[in-house]
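Listed below, chain by chain, are the residues.
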Amino acid sequence: MDNCPLQVVTVPTAPYPDQRPSTSGLRKKVYVFQSRKNYLHNFIQSIFSSIDLRDRQGSTVVVGGDGRFFNREAIEVIVQMAAANGVGHLIIGHHGIMSTPANSCVIRKFKAIGGIILTASHNPGGPDGDFGIKFNTANGGPANEVLTTKIFQISRTLEKFAICPGLRVDLTTVGRQTFDLENKFKPFTVEIIDSVESYANLLRNIFDFAALKELLSGKNPIKLRLDAMHGVVGPYLRRILCEELGCPGSSAINCVPMEDFGGQHPDPNLTYAADLVDSMRDGQYDFAAAFDGDGDRNMILGKHSFFVTPSDSVAVIADNIFCIPYFQHTGVRGFARSMPTSAALDRVAKATKIELYETPTGWKFFGNLMDAGRLSLCGEESFGTGGDHIRERDGLWAVLAWLSILAIRRQSVEDIVQDHWRKYGRNYFTRYDYENVDIDAACEMMEDLELVITDKSFVKQRFAVGDKIFQVEKADNFEYTDPVDSTISRNQGLRLIFTDGSRIIFRLSGTSSDGATVRIYIDSYERESIFQDTQVMLAPLVTIALKISQLHQRTGRSGPTVIT
């Protein structure tokens, strides 16, 4: 501790009009944070000012990021501003790195008032990439819309921020650092923690590590291929899967976190994790998974690159949920999926007589149900799966859930999924992403499309493609009333529901800093024809979606950027 108290200063600033955080926080290009004066400081001050001073004084806040470019510089500013704003104790991941699931875990474990997570998730990193700041509340989950709106309103009128510019923290050494500040009665403390161990301990209380170790390193071990995509989850894979559960070190690849993710796009799907997909084709490995930049998303593959859609993944976990010891003890309170996710989970819920919730996209909606004791397992088509152990998606949890199923059933990934289809039928699902679309063109297209589908004459219209005929049963802009607090979320996606249960959904994504992303989701159920090619089966509905929306003509695109 330095004997001379550190000075706290108030710095005048000017507000910015564009600091509205989405459910995923504030995401911008790195150069925005670097080049605009006090842009970072303004947003951090807006977060702290959104918290009542009485709650802030002497409180604990967790800080960590996915290690992307600008992570360390941002943490230095956050530390200095947290001290100046009355926070008493900061908990920071070693080297400033902490996965989003671990962040949620640590917030809950140490009863923090919240956490600041520095990530742009699956978006590219590096000097020309994206940077993001997200605030999670005391339950460990993303801030709700009331709080994000409050943060935005404060940012629009901000005139000053408080900072302790002389405060310097060593992120390289695990342990506690203490600082005296002027006019403060208690010292400000910063604790650098091994977030891998805190998170690993949580997982030990959920899964049967002895059974997993036998599966992965016993007499007849299965062979794994786990791709961290140079994101934050690398150290967690090394420690938990390799060192503790006995996987060979070569099982985990791209495990060194890099500021630019090794030049990769850290998005675990068939397009951006193509190298992993290729490595699985020859049948050398039994199971593979890829993870995104901050470790909350996952992709599951079986031998010969058998792809498990995220919609099927959560449904299979639900149907085998008691393979996980945690749920044997807690029971199962409910299942939930985001609205665009296929209805595969609904069929498991119906068969097991467990409540099923359909929510808008955004993990905060699941968190509200979990906090109310109504939800145990949830998932979304965008490669997010999780349980009620934390309040975020959890990529590594999903992988251990799958491995727990494999340990009990002793079948291949493909056999387990195909058995599931035989039992319940199959929801064919695909998603078309059109990335970096001109935002004006995208908004105009969505506005015109809504006018078309909400016209009374649209319902009961028939669309013929080849020998298939689809009749519209319902068309709307999805609206959700939260069963816990009755809050209403409107404009959550345009839905076309046909009489056979098939669905076409259009959404405009707000999680990219570079243009707009238009997403089309197609979901169609088959009881008998369960082993066909997904794109062939869904081609008629894709044709209808493109015809109704005129997407290619309106955006100038000839096809999607990514097909999932």
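Each remark here, short or long, concerns the structure printed above.
In what follows, the accompanying structure is described. (Residues numbered from 1 in each chain as written. Predicted model: local features only at pLDDT ≥ 70, side-chain atom pairs only at ≥ 80, totals over all residues. Heavy atoms only, no water.)

### Comments concerning helix α16 (residues 413-424)
Spacing of three or four residues puts side chains on the same side of an α-helix, whose turn is 3.6 residues. In this model, α16 (twelve residues) spans 17 Å end to end at C-alpha, consistent with the 16 Å of a helix rising 1.5 Å per residue. Of all the residues in α16, the buried ones are Val413, Ile416, Val417, Gln418, His420, Trp421 and Tyr424. Once α16 ends, the next one or two residues include Gly425, with phi positive near 85°. (Helix = DSSP H or I, 4+ residues; strand = E, 2+ residues; numbered from the N terminus. Expected span 1.5 Å × (residues − 1). Buried < 20%, exposed > 50% of the residue type's maximum accessible area, 1.4 Å probe, protein only.)

### Concerning the packing of aromatic side chains
In this description, a pair of aromatic rings is defined by centroid distance and the angle of the planes. Tallying each qualifying case throughout the model produces 16 aromatic pairs. With a centroid separation of 5.2 Å and 85° between ring planes, the pair formed by Phe70 and Phe131 is classed as edge-to-face. Highlighted residues: Phe70 in the loop between β3 (60-65) and α4 (71-84) and Phe131 in strand β6 (residues 130-137), separated in sequence by 61 residues. For the pair shown, Phe70 and Phe131 are each scored as buried. Consider the rings of Tyr199 and Tyr236, whose centres lie 5.7 Å apart with planes at 80°: the pair is edge-to-face. Of the two residues, Tyr199 sits in helix α7 (residues 195-204) while Tyr236 sits in helix α9 (residues 234-244), which places them 37 residues apart along the sequence. (Phe/Tyr/Trp six-rings, centres within 6.5 Å; stacked < 30°, edge-to-face > 60°.)

### A few points about the environment of Leu406
Mapped onto the elements of the fold, Leu406 is located in helix α15 (residues 395-409). Overall, Leu406 belongs to the buried group, its relative accessible area being 6%. Between the C-alpha atoms of Leu406 and Ala162, which are 244 residues apart in sequence, the distance is 53 Å. Those residues within four positions of Leu406 in sequence are excluded, and the remaining contacts are Leu215, Ile222, Phe287, Gln411, Ser412, Val413 and Ile416. (Contact = heavy atoms within 4.5 Å.)

### A word on a negative patch on the surface
Together, Asp438, Asp440, Glu444 and Glu447 give the surface a local cluster of negative charge. You can see Glu447 is positioned in helix α17 (residues 439-453). With relative accessibility at 51%, the residue Glu447 sits in the exposed group. (Patch = residues over 30% accessible without salt bridge, like charges linked within 9 Å, V, L, I, M, F, W, Y side chains within 5 Å. Areas by Shrake-Rupley, 256 points an atom, 1.4 Å probe, with all protein chains shown as cover. Salt bridge = Lys/Arg side-chain N within 4 Å of Asp/Glu carboxyl O. Lys, Arg positive; Asp, Glu negative; His and termini not counted. Charge placed at Lys NZ, Arg CZ, Asp CG, Glu CD.)

### Digging into α17
With 15 residues, α17 should reach 21 Å at 1.5 Å per residue; the first-to-last C-alpha distance of 21 Å fits that figure. One side-chain oxygen of the residue at the start of α17 lies 3.2 Å from the amide nitrogen of Asp440, identifying that residue as Asp438. (Polar contact = N/O pair within 3.5 Å; in protein donor to acceptor, adjacent residues only side chain to side chain.)

### Looking at the sheet that holds strand β13 (residues 298-302)
Spatially, β11-β10-β12-β13-β14 is the arrangement adopted by the five strands of the open sheet, whose pairing is mixed. With one partner strand each, in any of the chains shown, β11 (252-253) and β14 (306-308) form the two edges of the open sheet. On the sheet, α15 packs against β10 (224-227), β12 (287-291), β13 and β14 and is oriented at approximately 170° with respect to β12. On the sheet, α16 packs against β12, β13 and β14 and is oriented at approximately 55° with respect to β14. (Pairing = 2+ DSSP bridges. Axes fitted to C-alpha atoms, helices over the stretch in contact; angles between N-to-C directions.)

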